[in-house]
Amino acid sequence: MNATSLTCAVLLTVGAFGVKAQNTNQPADPAHPPMQLYYIEDEQAQMPVFAIRGPVGWNLESQVQWNFNNNVVPCIAGAALTDPQETKRLQFFPELTCYWLTGDAALNRPGQMNMGMLNVAPMEPKTALVEAVTKIYQPNVPGFRITGVRIVPGLPAILGQAGPNVTGIGLRAEFPWEGKQMEEEIYALHAIGSATMRGEAGVTTQTTWGLTSVHAFITEAGKMDQSRSMFTYMVRSGTANPAWVQLHQNVKQQLDQQFRQNLIDNRRAREAIMAQSRALAARNEAFRANIMERHRAAMDTTAHKSFIAGIHGGGSSSSGGMSSHEKYIDAIHDRETFHDSSTVTGTSQHGYADHHWSDGWGNYIHTDNPNVDPNIGSSVQWQQLTPVQ
């Protein structure tokens with residue numbers, strides 16, 4: 001965290017917090033007003049986050065919030081110093097952290113938040129600042145009009161964040177407020193980087209980009225030039241509390257460790273599910289193989305042979321025999337036709353057993369045991385049925 005970057009988030013909410021002040025007792029000078037230290041407090045951590053010099057008597061508004069569900073951007077914050085006598089204001093906006101995925105496993109949900117980052121495709125610096133101002137930082141401001149956007153080459157070095165992928169940008173705008181015409185200058189750094197990941201689904205590249213050190217100067221129209229040096233002094237006077245920076249790093253490290261552990265746990269759970277799926281598939285295949293084997297065994301019977309013979313017999317029937325069609329019907333029903341004098345047709349159909357007995361009155365006994373003789377010990381005369389060929 002650097003001296004001018006207060007935040008790690010996208011949305012700014014403003015609320016009054018306690019202000020600690022130290023008057024520097026500088027001599028009164030309208031061009032160089034006496035300054036004091038203002039402290040931005042983290043009430044949850046119970047420590048100051050940031051200290052900044054500003055004119056004595058200005059009002060500080062700030063808020064610092066934590067969201068431990070966001071391991072990449074766990075903290076959101078913002079601040080503003082306002083002159084109660086004049087319409088002057090210095091405002092620090094939150095950092096805007098975005099990401100975009102490309103490659104084999106890329107899954108983007110544009111406009112949605114994930115781990116504290118906004119899912120949106122990379123934009124060139126000036127476009128990014130315009131989009132952030134009009135859609136996130138200051139949306140729906142009546143009469144707000146952007147009058148210019150430019151690259152500010154020396155800004156990254158001035159703010160101590162120079163780098164090959166860091167670009168300084170500035171925006172000028174105007175808007176009416178309480179009967180006065182206001183002008184505003186917003187400055188930011190545009191940063192971008194990428195990392196390639198290889199996983200089970202293939203190669204994916206994540207581009208992480210966004211805006212940092214976003215701050216604004218606001219005055220009445222025509223007074224910006226005389227106030228700009230004071231604003232820039234205030235920005236460059238900002239100092240982060242090392243203890244809070246260490247706290248932030250520790251929290252983020254713990255959240256990252258938990259996130260990685262969750263990934264490991266999820267991978268193990270997924271592997272366990274896949275193992276169960278493979279086991280079920282093997283059991284299902286064995287079941288199917290068993291069914292097919294039983295089916296083939298069942299087909300290797302007299303009915304099947306009769307069916308085949310009927311096919312080769314061309315469908316004709318011999319005297320007292322069965323046609324190929326009748327044998328086909330018996331075969332698909334897994335049954336055989338037997339001589340049966342007790343029926344009108346002189347035949348009856350039976351299946352699911354090898355031996356069939358009739359008492360001549362429409363009663364039958366079916367068995368697979370060739371040694372069974374229902375006549376033994378019976379007062380009824382049973383006749384074993386013979387198949388029709």
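Scroll up to find the structure this text is about.
About the thresholds
- Residues numbered from 1 in each chain as written.
- Predicted model: local features only at pLDDT ≥ 70, side-chain atom pairs only at ≥ 80, totals over all residues.
- Heavy atoms only, no water.
- Helix = DSSP H or I, 4+ residues; strand = E, 2+ residues; numbered from the N terminus.
- Buried < 20%, exposed > 50% of the residue type's maximum accessible area, 1.4 Å probe, protein only.
- Contact = heavy atoms within 4.5 Å.
- Areas by Shrake-Rupley, 256 points an atom, 1.4 Å probe, with all protein chains shown as cover.
- Pairing = 2+ DSSP bridges.
- Phe/Tyr/Trp six-rings, centres within 6.5 Å; stacked < 30°, edge-to-face > 60°.
- Salt bridge = Lys/Arg side-chain N within 4 Å of Asp/Glu carboxyl O.
- 1 Å grid on protein atoms, 1.4 Å probe; cavity = no way out; pocket = protein on both sides within 12 Å on 5 of 7 lines; lining within 4 Å.
- Points joined across faces, edges and corners; volume = space filled by probe spheres on them.
- Nonpolar A, V, L, I, M, F, W, Y, C, P; charged D, E, K, R; others polar.
- Expected span 1.5 Å × (residues − 1).
- Core = buried A, V, L, I, M, F, W, Y, C linked by side-chain atoms within 4.5 Å.

Q: Break down the overall build of the chain for me, citing the residues and quoting the values.
A: Counting secondary structure elements, the chain contains 6 helices and 19 strands. Sorting the 389 residues of the chain into buried and exposed places 37% on the buried side. Of all intrachain contacts in the chain linking residues separated by at least 6 positions in sequence, the fraction that spans at least 24 positions is 55%. Roughly 22100 Å² of accessible area belongs to the chain as shown, and the carbon and sulfur atoms make up 52% of that amount.

Q: Please set out the sheet that holds strand E19 (residues 383-384) residue by residue, giving values where relevant.
A: Sheet architecture is open: 3 strands sit in the order E18-E17-E19, paired in antiparallel fashion. The open sheet has two free edges, formed respectively by strand E18 (364-367) and E19, since each of these has just one partner strand. When strand E17 (residues 355-358) meets E18, the two strands line up antiparallel, connected through 4 bridges. The partner of Ser358 across the bridge, within E18, is Tyr364.

Q: Explain the packing of aromatic side chains to me, and be specific about the residues and the numbers.
A: Here the structure, examined in full by the defined rule, presents 7 aromatic pairs. A ring pair is formed by Tyr187 and Phe217, whose centres lie 5.6 Å apart and whose planes are at 50 degrees; its orientation type is tilted. Taken together, the residues span a long stretch of sequence, with Tyr187 in strand E12 (residues 180-199) and Phe217 in strand E13 (residues 202-220) at a distance of 30 residues. With respect to burial, Tyr187 and Phe217 carry one shared label: buried.

Q: So what's going on with the pattern of salt bridges? Residues and values would help.
A: Oppositely charged side chains are able to pair whenever their charged atoms sit close together. Applying the stated criterion to the full structure yields 9 salt bridges. For Arg172, the salt bridge goes to Glu185, with nearest N and O atoms at 2.7 Å. Placement of the pair is Arg172 in strand E11 (residues 166-177) and Glu185 in strand E12, with a sequence separation of 13 residues. Its relative accessible area of 2% is what places Glu185 among the buried residues. Two residues, Glu220 and Lys180, come together in a salt bridge whose shortest N-O distance is 3.4 Å. Within this pair, whereas Glu220 is found in strand E13, its partner Lys180 is found in strand E12, the two being separated by 40 residues in sequence. Given the relative accessible area of 36%, Lys180 is considered partly exposed. One network of salt bridges, with partners in common, ties together Arg172, Glu185, Asp225 and Arg228.

Q: Which residues make up empty space enclosed by the protein, and what values go with them?
A: A probe matching the size of a water molecule, rolled over the atoms, marks out where space remains unfilled. Under the criterion given, the structure shown has 2 cavities of 30 Å³ or more. The space that makes up the second largest cavity amounts to roughly 30 Å³. Elements with a contribution of two residues or more to the lining of the second largest cavity: strand E5 (75-83) and strand E6 (88-92). Ranked by residues supplied to the lining of the second largest cavity, first place goes to E5 with 3 residues. The class makeup of the residues in the lining of the second largest cavity is 8 nonpolar, no polar and no charged.

Q: Describe helix H3 (residues 224-237), naming the residues involved and giving the relevant values.
A: Under the 1.5 Å per step criterion, the end-to-end length of H3 is 19 Å for 14 residues, consistent within 8% with the ideal 20 Å. Along H3, the residues that are buried comprise Met224, Ser227, Met230, Phe231, Met234, Val235 and Ser237.

Q: Tell me about the pairing of strand E7 (residues 96-103), residues and numbers included.
A: Sheet topology note: the E7/E13 ladder contains 8 bridges and is antiparallel. Bridge assignment links Leu96 to a residue of E13, and that residue is Leu211. Examined bridge by bridge, E7 and strand E9 (residues 117-119) share 2 bridges and lie parallel to one another. Its bridge partner lying in E9, Cys98 is registered against Leu118.

Q: I'd like a description of unusual backbone geometry, backed by residues and values.
A: The phi torsion at Asn140 lies on the positive side, around 60 degrees, for a residue other than glycine. Structurally, Asn140 is set in the loop between helix H1 (125-137) and strand E10 (145-151). On the accessibility criterion, Asn140 (76% relative accessible area) is exposed. Even without a glycine there, the phi angle at Glu178 is positive, about 50 degrees. Relative to the elements of secondary structure, Glu178 occurs in the loop between E11 and E12. A residue is classified by how much of its surface remains accessible, and Glu178, at 64% relative accessible area, is exposed.

Q: Describe in detail the nonpolar core, supporting the description with residues and values.
A: Val64 and Leu90 are the most contacted members of the largest nonpolar core, which has 32 residues in total. Per element, the largest residue contribution to this core is 5 residues, and it comes from H3. Here Leu90 is in contact with Ile52, Ala79, Ala80, Leu81, Ala216, Phe217, Phe231, Met234 and Val235, once residues within four sequence places are set aside. If you look at the next biggest cluster of nonpolar residues, it comprises 22 residues, including Leu96, Cys98, Leu118 and Leu129.

Q: Can you explain the pairing of E5? Please cite residues and give values.
A: With 8 of 9 residues buried, E5 is to be regarded as a mostly interior element. Here strand E4 (residues 59-66) runs beside E5; their pairing, made up of 8 bridges, is antiparallel. Within the sheet, the bridge partner assigned to Glu61 lies in E5 and is Ala80. In the sheet, E5 pairs with E6 via 5 bridges, with the strands oriented antiparallel. Considered in E6, the bridge of Ala80 is made with Gln91. Count of turn residues in the E5/E6 antiparallel hairpin: 4 residues.

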